[in-house]
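Survey of secondary and tertiary structure
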2 protein chains.
Amino acid sequence: MRIAIKSNLSSYKNKVILLVCDGLGDRPYQPADGKTPLQAAYTPNLDAISEAGINGLIDIISPGIVPGSDTAHLSLFGYDPYRYYPGRGVFEALGADMELQKGDVAFRANFATVDANMRIKDRRAGRKGSKELAEVLNGLEIDGVKILLENTTDHRCAVVMRSNGGTLSRYVSDVDTHEAGGVIQKCEPLNEAAVDGEGGSDGEGARKTASIVNRFIKMSYELLDEHPVNAARREKGELPANIVLLRGAGSFKRVIPVKERFGFSAACIAGVSLYSGVAKYLGMDVLAHRYAGEMLDTDTDLQNKAEAALQALKEHDFVFVHVKDSDNYGHDGDFEGKKNIISRIDKELVARLKDADAYIAVTGDHSTPVSLKRHSSDPVPLVIKGDGVRKDNVKKFDEFSVAYGGLGRIKGTDLMPILSDFMGFYMMYGT
Amino acid sequence: MRIAIKSNLSSYKNKVILLVCDGLGDRPYQPADGKTPLQAAYTPNLDAISEAGINGLIDIISPGIVPGSDTAHLSLFGYDPYRYYPGRGVFEALGADMELQKGDVAFRANFATVDANMRIKDRRAGRKGSKELAEVLNGLEIDGVKILLENTTDHRCAVVMRSNGGTLSRYVSDVDTHEAGGVIQKCEPLNEAAVDGEGGSDGEGARKTASIVNRFIKMSYELLDEHPVNAARREKGELPANIVLLRGAGSFKRVIPVKERFGFSAACIAGVSLYSGVAKYLGMDVLAHRYAGEMLDTDTDLQNKAEAALQALKEHDFVFVHVKDSDNYGHDGDFEGKKNIISRIDKELVARLKDADAYIAVTGDHSTPVSLKRHSSDPVPLVIKGDGVRKDNVKKFDEFSVAYGGLGRIKGTDLMPILSDFMGFYMMYGT
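Residues numbered from 1 in each chain as written. Chains lettered and ligands numbered in written order. Predicted model: local features only at pLDDT ≥ 70, side-chain atom pairs only at ≥ 80, totals over all residues. Heavy atoms only, no water.

1. Quick look at the interface of chain A and chain B
Every contact between the two is made by 36 residues of chain A and, on the other side, 27 residues of chain B. Of the roughly 2,500 Å² buried where chain A meets chain B, counting both sides, 50% is carbon and sulfur surface. If you look at where chain A meets chain B, you find two salt bridges. For aspartate 421 of chain B, the salt bridge is made with arginine 374 of chain A, and the minimal N-O distance between the two is 2.9 Å. On inspection of chain A and its partner chain B, the count reaches 16 residue pairs in polar contact (both at pLDDT 80 or more). Those elements giving two or more residues to the side of chain A that touches chain B turn out to be strand 4 (65-67), helix 3 (69-76), helix 4 (81-84) and helix 7 (192-196) of chain A. For the side of chain A that touches chain B, the per-class residue count stands at 16 nonpolar, nine polar and 11 charged. Summarising the sheet, strand 4 of chain A and strand 16 (residues 425-429) of chain B pair through three bridges and their orientation is parallel. Bridging across to strand 16 of chain B, isoleucine 65 of chain A finds its partner in methionine 427 of chain B. (Contact = heavy atoms within 4.5 Å. Buried area = accessible area lost by both parts, 1.4 Å probe. Salt bridge = Lys/Arg side-chain N within 4 Å of Asp/Glu carboxyl O. Polar contact = N/O pair within 3.5 Å; in protein donor to acceptor, adjacent residues only side chain to side chain. Helix = DSSP H or I, 4+ residues; strand = E, 2+ residues; numbered from the N terminus. Nonpolar A, V, L, I, M, F, W, Y, C, P; charged D, E, K, R; others polar. Pairing = 2+ DSSP bridges.)

And the structure:
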């Protein structure tokens with residue numbers, strides 16, 4: 001694309017707050033008289049923004065395609081996921097503050113509990129991790145490949161494999177298949193290795209990576225099962241964290257950062273490392289800890305998030321604020337929970353942000369209907385409020401009302417160029 | 001694209017009936033007070049579906065591009081026609097139950113009547129074919145190319161050319177130019193042969209194919225003109241079927257079938273071989289004959305079609321039902337005819353299908369305005385009804401009302417992913 005970034009240097013630059021409520025969209029829920037959680041929630045502040053702004057629906061990837069949270073955020077930040085998606089593990093590792101180098105393959109990982117036959121007793125090891133056990137595994141070397149491991153929150157880890165010779169590949173299967181009671185799967189090279197030519201057109205990189213994954217998992221059991229930390233856990237009646245399971249392989253490559261691509265500085269306020277990871281991948285400043293401390297690791301302190309966003313706005317042109325819980329309640333099939341967190345987002349977060357000296361855009365990264373307990377492709381509502389927007393007739397921020405808004409139905413990757421133009425950092429093609 | 005098909009295996013899979021009324025869309029017709037046939041028709045069942053469902057407009061290919069019936073159906077089934085269109089002849093041959101092999105070039109063909117100077121007297125030979133004459137030509141070999149010919153319905157035929165050596169190419173001109181009174185055109189190699197590199201970058205395959213087409217047509221006249229079948233026809237005052245004209249060359253290649261691409265089984269209920277051919281090309285089960293017998297060869301028995309669709313739904317996840325006549329009346333410029341067939345579709349087909357235990361989607365494959373007597377690019381109305389759709393405010397199924405629906409304006413290739421997600425066979429990108 002030969003699109004030039006221009007900016008009207010003489011004038012004041014506008015700023016933007018982009019609030020993404022994860023899994024916000026929903027479908028009509030029959031037990032609630034066919035309302036969606038967003039319709040049922042008490043949202044005077046969101047509705048005021050809708051009334052003052054321009055509204056529409058976003059197909060995050062394209063109509064009918066169900067977005068993952070990772071691809072969804074790439075798209076919302078203007079990066080076509082089909083071109084830029086490196087695989088989930090990259091975001092997890094970046095979100096865990098690990099440094100990545102070109103050629104690294106990164107994974108999401110869990111401490112888990114298995115019996116001596118490698119049958120999974122709890123794929124989350126009682127949701128309890130251990131920094132000490134992580135250190136046992138961190139720095140291992142297998143067949144010329146160094147393995148780095150960080151325990152992030154609870155049982156969760158990020159793992160990076162770095163080769164000092166041959167190529168590694170992200171095209172390997174997951175060993176953590178989300179099914180309890182089963183035996184641990186063997187990691188296998190995937191066909192795409194040959195298709196994409198990653199790791200050599202014969203898929204050699206994928207075969208090598210799969211072999212190292214399998215040996216690493218075996219080694220983790222051998223090193224952890226009888227470790228004093230686990231002996232102590234067993235003594236207290238807790239599940240031992242006696243193995244590490246890997247999934248979501250990703251391979252790191254550099255992308256053009258937001259500042260270079262769009263021209264403005266961007267900050268990320270998110271409590272969950274995946275989203276910080278995406279933001280870091282795109283060169284945003286990840287500021288949650290700097291401004292609001294550890295409480296942002298859990299997602300409930302919405303007021304702190306609002307203050308962090310307003311702080312970030314002083315030093316950045318664009319502030320991305322992420323709230324996770326709306327998605328969690330969708331996955332749980334909990335209508336009341338989703339409705340209530342949306343009401344709280346309105347009261348504790350939106351109320352504080354809505355009068356900031358900035359454009360405000362509110363949307364979701366995908367729908368997570370409580371009736372489905374999974375992501376769906378239903379488009380998500382969007383509102384943009386600020387100077388010069390073509391205010392429409394929409395008065396209520398929900399999936400149905402915004403369908404009649406002035407933005408119509410746009411694609412996820414359209415949002416960032418639209419916001420850029422409102423900001424004055426516009427992308428011009430031609431003269 | 002590394003899009004994974006997922007499905008919620010533990011839960012009930014939803015089914016879909018997709019009803020495509022050929023050429024359904026229209027423009028306001030001044031002699032009918034500016035109404036379209038769909039607006040003027042009596043359609044209580046379609047309107048009930050609209051009121052209960054979500055509505056919108058589809059650009060079958062893209063705004064302003066006039067779809068053919070063949071490319072339109074590829075698009076509606078989720079296959080981008082710019083990528084997957086093999087040329088019409090392939091669909092005709094498959095629709096005639098001919099087996100195709102990679103490298104085959106297939107044609108639509110007509111029995112026609114010419115005089116001794118190769119001037120066309122009737123390009124349809126009085127709309128009467130002959131299985132016996134077809135057998136005279138079937139199996140001929142010219143220059144190492146075997147020619148297979150089937151007489152389908154009336155004067156229509158499908159022709160397949162299969163080379164035992166050099167490459168053949170679909171990039172040759174039509175010899176049947178739809179003009180009566182003219183002399184038969186010579187088949188010429190087309191430029192695209194060189195552009196696409198099909199048949200060798202020098203267009204050799206196209207030159208060879210054109211030469212064989214010309215020799216075959218000449219041979220058909222020599223073998224048919226004085227054949228006893230034609231002597232008998234002349235005696236009865238009928239036009240002889242004394243030549244075969246070819247057009248719509250297509251070259252066969254395998255595509256990923258619907259089942260593999262989307263995950264669900266699909267059936268086709270269509271009375272016209274073109275549509276069965278498209279369905280077969282995409283790996284759908286073509287079931288019209290199995291369930292409803294020969295009467296589906298003509299398109300008028302709508303009640304039988306409804307029963308066939310409901311039967312097919314028992315063994316398939318997705319049932320495509322096609323009605324042709326709405327298009328025919330558009331081509332004839334017959335407003336009343338188009339209006340009446342739509343009323344009949346509503347009463348005899350939609351009324352029976354609308355309460356099936358399945359999502360129902362109704363649309364057209366393109367517009368065929370009676371004022372134009374040809375296909376046009378005007379987008380076609382779409383409604384989807386079923387559990388969890390975001391019901392909108394539309395209460396009438398017509399080109400104008402649905403423009404205010406919750407689906408907005410989508411592309412033809414979006415429909416299948418959207419339906420897949422409703423079915424539970426969703427396509428997910430990312431995690």
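Once the structure has been displayed, the description carries forward.
2. What about the relation of the copies chain A and chain B?
Rotating chain A by 122° and moving it 0.1 Å along the rotation axis overlays it on chain B with an RMSD of 0.1 Å. The two molecules are tied by a three-fold rotation axis, judged by turn and shift. No C-alpha of chain A lies nearer the rotation axis than that of glycine 408 of chain A, which sits 4.1 Å from it. When you check the interface residues of chain A against chain B, a mere 3% turn up at the interface there too, and the two sides of the contact use different surfaces. (Least-squares fit on C-alpha atoms with pLDDT ≥ 70 in both.)

3. Topic: the nonpolar core
Among soluble globular proteins, nonpolar side chains are generally buried collectively. Counting 114 residues, the largest nonpolar core has Phe318 and Ile384 of chain A together with Phe318 and Ile384 of chain B as the members making the most contacts within it. A per-element tally of this core places helix 16 (residues 415-423) of chain B first, with six residues. For isoleucine 384 of chain B, the residues in contact, after removing those within four places along its chain, are Gly53, Ile54, Tyr359, Ile360, Ala361, Val389, Leu407, Leu415, Ile418, Leu419 and Phe422 of chain B. (Core = buried A, V, L, I, M, F, W, Y, C linked by side-chain atoms within 4.5 Å. Buried < 20%, exposed > 50% of the residue type's maximum accessible area, 1.4 Å probe, protein only.)

4. Some details on the domain arrangement of chain A
Residues and elements named next belong to chain A. On domain assignment, one finds that chain A holds domain 1 (4-85 + 255-428) and domain 2 (91-251). Just the C-alpha atoms count here: the centres of domain 1 and domain 2 sit 32 Å apart. Listed by partner, the interface residues are 10 residues for domain 1 and six residues for domain 2. Of the roughly 800 Å² buried between domain 1 and domain 2 on both sides combined, carbon and sulfur atoms contribute 64%. A per-residue breakdown of the area domain 1 buries against domain 2 is headed by Tyr85, Ser273 and Lys280, which together make up 51% of the total. For the pair domain 1 and domain 2, the number of links is one salt bridge. Aspartate 97 is the partner of lysine 280 in a salt bridge, and the nearest nitrogen-oxygen pair spans 2.3 Å. (Domains from an automatic or database assignment.)

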